[in-house]
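Topology and contacts: notes
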Amino acid sequence: MSNSLARLANAVKQPVVLDYESEAVHTDQLSRLLNELSSTISEGNGSTAPGTSAATRAAINEDISLTIDEQRVLARALDELDDPALWHQVPQSLDQLSSTLERTGNLE
């Protein structure tokens, strides 16, 4: 799962030309938070940090370079991270989102 989060962080951070500086800043923040969440899961023996998860969830609601549908997929995956019984679903969702972002260049 941490590999899927790290991949998504890289896909979100792909070099793109954004119309607004705030969108670039918020997108970069989302990427950093996804990497931090990935690291927390990887180094924390499979546990999440509620603070990092909450901050990542909040970052989705900022002005970022993801479509509404992409934001929903990410929000659902983050919700599933809160319940270890649902973790088996998370990597597939994140990998599909990463593939979409990598293919489309990450812009709406």
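See above for the structure.
In what follows, the accompanying structure is described. Computed from a predicted structure; not experimentally measured.

What about the overall build of the protein?
Along the protein, the regular secondary structure elements total five helices and zero strands. Traced from its N-terminal end to its C-terminal end, the protein shows the element sequence α-α-α-α-α. A buried classification covers 38% of the 108 residues belonging to the protein. Counting only carbon and sulfur atoms, one obtains 49% of the accessible surface of the protein, whose full area is about 5800 Å².

Here we look at helix α3 (residues 50-60)
Along α3, the positions that sit buried rather than exposed are T52, S53, T56, A59 and I60. Here the buried residues of α3 occupy an arc of 125° about the axis, which is enough to place them on one side. Turned more than 90 degrees off the buried face of α3, the exposed positions are P50 and G51. In this fold, the buried residues of α3 make contact with α2 (21-43) and α4 (68-81).

Brief notes about the pattern of salt bridges
Considering all chains together, one arrives at six salt bridges under this definition. When the shortest N-O distance is used, the salt bridge between E102 and R7 registers 2.8 Å. One end of the pair, E102, is in helix α5 (residues 90-104); the other, R7, is in helix α1 (residues 2-12), and 95 residues separate them in sequence. Look at E102 and you get partly exposed, because its relative accessible area is 38%. Residue class for R7 comes out partly exposed when judged on its relative accessible area of 27%. For D79, the salt bridge is made with R57, and the minimal N-O distance between the two is 3.0 Å. With D79 in helix α4 and R57 in helix α3, this residue pair connects regions lying 22 residues apart in the sequence. Through salt bridges with shared partners, a single ionic network connects R7, D95 and E102.

Quick notes on the rules
Residues numbered from 1 in each chain as written. Predicted model: local features only at pLDDT ≥ 70, side-chain atom pairs only at ≥ 80, totals over all residues. Heavy atoms only, no water. Helix = DSSP H or I, 4+ residues; strand = E, 2+ residues; numbered from the N terminus. Buried < 20%, exposed > 50% of the residue type's maximum accessible area, 1.4 Å probe, protein only. Areas by Shrake-Rupley, 256 points an atom, 1.4 Å probe, with all protein chains shown as cover. Arc of directions from axis to C-beta. Contact = heavy atoms within 4.5 Å. Salt bridge = Lys/Arg side-chain N within 4 Å of Asp/Glu carboxyl O.

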